[in-house]
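Examination of the molecular architecture
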Amino acid sequence: MRWLTTLFFVLVFLLTGCGPREPVPSRTESDLRAAPADPPGVSLATAEVRDAPAEVEVQGAPIRIGAEVWRDYMPISPPEGRPLAAVVWVWAADRASAGPVPEADRAWVVHGDSAWSTVPVKEAPPAESDSFLVRYALRDGPLWGPGVPVDVVLRLQGTDGSPILIRTGTMITRTD
């Protein structure tokens, strides 16, 4: 019986680690205020992206985009919140006259002089929508906001292969 007790303590010792542990550096107040590094894809916004129009004509129909951009601070999130996420809708006032919408191959979220560039992920639009043509998701962005204004720019591929840029402005919100 005594050997079982000894074996138990030896296993506990081995499983919890042997020897001294490295000290954990404490975070100073300036460390907490320092902005985290931006993820890959953040660079200076080009004039072409910043100056994209708010409405374009695709196959004779006016097309616009709308966007929701947020940071998740729900209790299961890290203390500094989750990275930026967004949903971008391509819509037309008259869905019937719009025809097929070209695919988007790039999206930017522009904050000041910086732009986060990412590949949009196509999602099905809500069934109850009368005007949404396509919906895209943007994930794993920088830790900007909440409460700051941004522009969202979507690049569609025109029927002749030329890029079509379209922009909307919005605010980064927070989910709690």
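Scope of this entry: the structure provided in the associated data block. (Residues numbered from 1 in each chain as written. Predicted model: local features only at pLDDT ≥ 70, side-chain atom pairs only at ≥ 80, totals over all residues. Heavy atoms only, no water.)

**A word on the overall build of the protein**
- The number of helices and strands found in the protein is four helices and 10 strands.
- For the protein, the residues scored as buried account for 32% of the 176 residues in total.
- Contacts spanning at least 24 positions in sequence make up 65% of the contacts within the protein whose residues lie at least 6 apart. (Helix = DSSP H or I, 4+ residues; strand = E, 2+ residues; numbered from the N terminus. Buried < 20%, exposed > 50% of the residue type's maximum accessible area, 1.4 Å probe, protein only. Contact = heavy atoms within 4.5 Å.)

**Some words on the pairing of strand β4 (residues 85–91)**
- Among the seven residues of β4, six are classified as buried, and the element is accordingly described as predominantly covered.
- Pairing of strand β3 (residues 61–72) with β4 involves seven bridges; the strand directions are antiparallel. Bridging across to β4, glutamate 68 finds its partner in valine 87. (Pairing = 2+ DSSP bridges.)

**Comments concerning unusual backbone geometry**
- Following glycine 145, the chain continues to proline 146 via a peptide bond in cis, the omega torsion being 5°.
- Here proline 146 shows up in the loop between β8 (132–138) and β9 (149–157).
- Of note in the backbone geometry, aspartate 140 takes a positive phi value of approximately 65° without being a glycine.
- Along the chain, the position of aspartate 140 falls in the loop between β8 and β9.
- A relative accessible area of 58% means that aspartate 140 is categorised as exposed.

**Overview of the packing of aromatic side chains**
- Tallied over the entire structure, the rule returns zero aromatic pairs.
- The ring of tyrosine 73 is capped by arginine 174, whose NZ or CZ atom sits 3.9 Å from the centre of that ring. (Phe/Tyr/Trp six-rings, centres within 6.5 Å; stacked < 30°, edge-to-face > 60°. Lys NZ or Arg CZ within 6 Å of the ring centre and 35° of its normal.)

**Focus on the side chain of aspartate 72**
- Along the chain, aspartate 72 falls in strand β3.
- For aspartate 72, a relative accessible area of 17% puts it in the buried group.
- In this structure the side chain of aspartate 72 is engaged in a polar contact, spanning 2.9 Å, whose partner is the backbone nitrogen of methionine 74.
- Once residues within four sequence positions are removed from consideration, aspartate 72 is found in contact with Ser77, Gly81, Arg82 and Thr175. (Polar contact = N/O pair within 3.5 Å; in protein donor to acceptor, adjacent residues only side chain to side chain.)

**Description of the pattern of salt bridges**
- A full pass over the atoms with the stated rule returns seven salt bridges.
- The shortest N-O distance in the salt bridge between arginine 155 and aspartate 105 comes to 2.9 Å. Of this pair, arginine 155 sits in strand β9 while aspartate 105 sits in strand β5 (residues 104–111), and the two are 50 residues apart along the sequence.
- Classification of arginine 155 as partly exposed rests on a relative accessible area of 24%.
- Several salt bridges converge on common partners, so that one network encompasses Glu123, Arg135 and Arg139. (Salt bridge = Lys/Arg side-chain N within 4 Å of Asp/Glu carboxyl O.)

**Overview of the nonpolar core**
- Counting residues in each nonpolar core, the largest one holds 28 residues, and the members touching the most others are Ile63, Val90, Val109 and Leu154.
- Mapped by element, the contributors of at least two residues to this core are β2 (56–58), β3, β4, β5, β8, β9 and β10 (163–175). (Core = buried A, V, L, I, M, F, W, Y, C linked by side-chain atoms within 4.5 Å.)

Functional significance is not addressed by these values, which are geometric in nature.
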